[in-house]
Amino acid sequence: MMHTTVGWHVELEFMEDDQHTRAAALVRLPDGSEVRAHGQASRHRSDANQPRVGEEIAGARALNELAMQLLTKAHEEIDQASGRTSHPIHV
């Protein structure tokens, strides 16, 4: 049987103007460390103003970058603990 022993807190914040949306993502890990990432989206002037769409795109890009940083962090920790170069972690 599997038990949940930890939880992660993830935050996303958005900054917007008429044409751009920027997202900042942050995850707090149980060891107290934090990983941060950013994403952005731009609205073409001929597109309808749909702030939620900009948030979804910028947020997804920030979360994708966050995921890549977490994979890199895990890969480095595997290498450090094992004393060798491990196989790449693929998404």
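The structure contained in this document is the topic of the report that follows. (Residues numbered from 1 in each chain as written. Predicted model: local features only at pLDDT ≥ 70, side-chain atom pairs only at ≥ 80, totals over all residues. Heavy atoms only, no water.)

### With respect to the pairing of strand β2 (residues 20-28)
Right, on to step 1. Bridge count for strand β1 (residues 9-16) against β2 is 8 bridges, and the pairing is antiparallel. Considered in β2, the bridge of H9 is made with R28.
Right, on to step 2. Here β1 hands over to β2 after 3 residues, the two strands then running antiparallel side by side.
Right, on to step 3. In this structure, β2 lies alongside strand β3 (residues 34-42), joined through 9 bridges in antiparallel fashion. Paired with A24 across the strands is H38, a residue of β3.
Right, on to step 4. Hairpin remark: β2 followed by β3, antiparallel, with 5 residues in the connecting loop; positive phi at G32, about 95 degrees. (Pairing = 2+ DSSP bridges. Helix = DSSP H or I, 4+ residues; strand = E, 2+ residues; numbered from the N terminus.)

### Topic: helix α1 (residues 51-82)
Right, on to step 1. In this model α1 runs 46 Å from its N-terminal to its C-terminal C-alpha over 32 residues, within 8% of the 46 Å that 1.5 Å per residue would give.
Right, on to step 2. Here the buried face of α1 lies against β1, β2 and β3.
Right, on to step 3. Positive phi shows up at G83, right after α1, with a value of about 75 degrees. (Expected span 1.5 Å × (residues − 1). Contact = heavy atoms within 4.5 Å.)

### Examining the nonpolar core
Right, on to step 1. A23, A25, V27, L29, V35, A37, A41, A58, A62, L66 and L70 together form the largest nonpolar core, which totals 11 residues.
Right, on to step 2. Counting only elements with at least two residues in this core, the list comes to β2, β3 and α1.
Right, on to step 3. The element that contributes the greatest number of residues to this core is α1, accounting for 4 residues.
Right, on to step 4. Apart from residues lying up to four places away in sequence, V35 is in contact with A25, L26, V27, L29, L66, Q69, L70 and K73. (Core = buried A, V, L, I, M, F, W, Y, C linked by side-chain atoms within 4.5 Å. Buried < 20%, exposed > 50% of the residue type's maximum accessible area, 1.4 Å probe, protein only.)

### Re the environment of Q80
Right, on to step 1. By the secondary structure assignment, Q80 is in helix α1.
Right, on to step 2. Taking the C-alpha atoms as reference points, Q80 and G54, 26 residues apart in sequence, are found 39 Å from one another.

### As for the layout of surface pockets
The probe, sized like a water molecule, is rolled over the atoms to show the empty space still left.
Right, on to step 1. Within this model, the largest pocket holds a volume of roughly 250 Å³.
Right, on to step 2. If you go around the largest pocket, you meet 17 residues; those closest to its centre are T21, S42, R43, Q50 and G54.
Right, on to step 3. Among the secondary structure elements, those contributing two or more residues to the lining of the largest pocket are β2, β3 and α1.
Right, on to step 4. Sorting elements by how many residues they give to the lining of the largest pocket places α1 first, with 4 residues.
Right, on to step 5. Residues of the lining of the largest pocket, tallied by class, amount to 5 nonpolar, 7 polar and 5 charged. (1 Å grid on protein atoms, 1.4 Å probe; cavity = no way out; pocket = protein on both sides within 12 Å on 5 of 7 lines; lining within 4 Å. Points joined across faces, edges and corners; volume = space filled by probe spheres on them. Nonpolar A, V, L, I, M, F, W, Y, C, P; charged D, E, K, R; others polar.)

Coordinates in, geometry out; function isn't part of it.
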